[in-house]
Amino acid sequence: MRKNYAVLGVAGAVLVVVSIVVLGPHWPRTKAGSPSTATSLPPGHPQVGSTSQAEATQAARVAAMVKRLAAKYAADPSDMRNLMALAYAYFLDQEYGKAAAAYDTVLKREPGNVTARVQRAIVWHAQGDDARAIAALDAVIKAQPGNQEAHYNLGIVYFARGKRDLAKSEWETAARIDPTSALGAAAQNFVDLLNGNGATPAAGQ
């Protein structure tokens, strides 16, 4: 069963972050008719399943971004930076199969692309393959203990599996790595919420 939400704030995909900033940090959503999985989200996330105008606008922006990036990829399939952005856009649009295929293409051409490996892992999680996601993220962390995105995403996977203590530990690590980044601030918010404290405003808000 796939997870019906998108995890924003993934570090490294600069084009995507720039494109998505107008949507706000860490917004989950479901496609029309998709079941809500709000119980799998970290505390403090907006509830999924809403049909608000704001969410409809967000969905339209993501769809437009997918269309634009797909056109760019068709024009230049060698542009791996654009393909990374397209892969993440597919993920945000819950087109997980397309996101997986795009990340796999990047990794085939750039086996050392750690950002693609970390983001591919969260797609496995979204597709329900948590064991593979955890293994991939653990491998990245073993090679790069200071990879903030890997710790943050591993926290997401652990939380979805009900392992709150492990999730909290990963988010604490992510927050320590760079507390000034948007990802670090989001991780600290989750830690604070798990501790029963109010979340601090996310970066840029």
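Coordinates for the structure precede this section.
Residues numbered from 1 in each chain as written. Predicted model: local features only at pLDDT ≥ 70, side-chain atom pairs only at ≥ 80, totals over all residues. Heavy atoms only, no water.

(A) Seen up close, unusual backbone geometry. Of note in the backbone geometry, glutamine 94 takes a positive phi value of approximately 65 degrees without being a glycine. Topologically, glutamine 94 is positioned in the loop between helix H3 (80–92) and helix H4 (96–109). (Helix = DSSP H or I, 4+ residues; strand = E, 2+ residues; numbered from the N terminus.)

(B) Highlighting H4. With 14 residues, H4 extends 20 Å between its outermost C-alpha atoms, agreeing within 8% with the 20 Å of an ideal straight helix rising 1.5 Å per residue. Each element contacted by the buried residues of H4 is listed here: H3 and helix H5 (114–126). (Expected span 1.5 Å × (residues − 1). Contact = heavy atoms within 4.5 Å.)

(C) Up close: the packing of helix H7 (residues 148–160) against helix H8 (residues 164–177). Contact pair H7 / H8: the axes reach a minimum separation of 8 Å and the direction vectors enclose 160 degrees. Here H8 runs roughly antiparallel to H7, going by the angle between their axes. Where H7 crosses over H8, the handedness of that crossing is left-handed. When H7 is examined against H8, the residues Gln148, His151, Tyr152, Leu154, Gly155, Ile156, Tyr158 and Phe159 are found in contact with a partner set consisting of Arg164, Leu166, Ala167, Glu170, Trp171, Thr173, Ala174 and Ile177. Here the residues of the contact of H7 with H8 sort into 10 nonpolar, four polar and two charged. (Axes fitted to C-alpha atoms, helices over the stretch in contact; angles between N-to-C directions. Parallel < 35°, antiparallel > 145°, perpendicular 65-115°, else oblique. Left-handed = near helix turned anticlockwise from the far one by under 90°. Nonpolar A, V, L, I, M, F, W, Y, C, P; charged D, E, K, R; others polar.)

(D) Inspection of helix H9 (residues 182–194) at higher detail. Relative to the 18 Å expected for 13 residues at 1.5 Å per residue, H9 spans 18 Å between its end C-alpha atoms, a close match to the ideal helical length. Packed against the buried residues of H9 are H7 and H8. One or two residues past the end of H9 sits glycine 196, with phi positive at roughly 85 degrees.

(E) Expanded view of the packing of aromatic side chains. Tallying each qualifying case throughout the model produces five aromatic pairs. Residues phenylalanine 91 and tyrosine 96 carry aromatic rings whose centres are separated by 5.7 Å and whose planes lie at 45 degrees to one another, so their mutual orientation is tilted. Pair check on accessibility: phenylalanine 91 and tyrosine 96 agree, each one buried. On the basis of an interplanar angle of 50 degrees and a centroid distance of 4.7 Å, the ring pair of tryptophan 171 and phenylalanine 190 is categorised as tilted. Of the two residues, tryptophan 171 sits in helix H8 while phenylalanine 190 sits in helix H9, which places them 19 residues apart along the sequence. For the residue pair tryptophan 171 and phenylalanine 190, the accessibility class agrees, reading buried in each case. Aromatic rings pair up to connect Tyr152, Phe159, Trp171 and Phe190 into one cluster. (Phe/Tyr/Trp six-rings, centres within 6.5 Å; stacked < 30°, edge-to-face > 60°. Buried < 20%, exposed > 50% of the residue type's maximum accessible area, 1.4 Å probe, protein only.)

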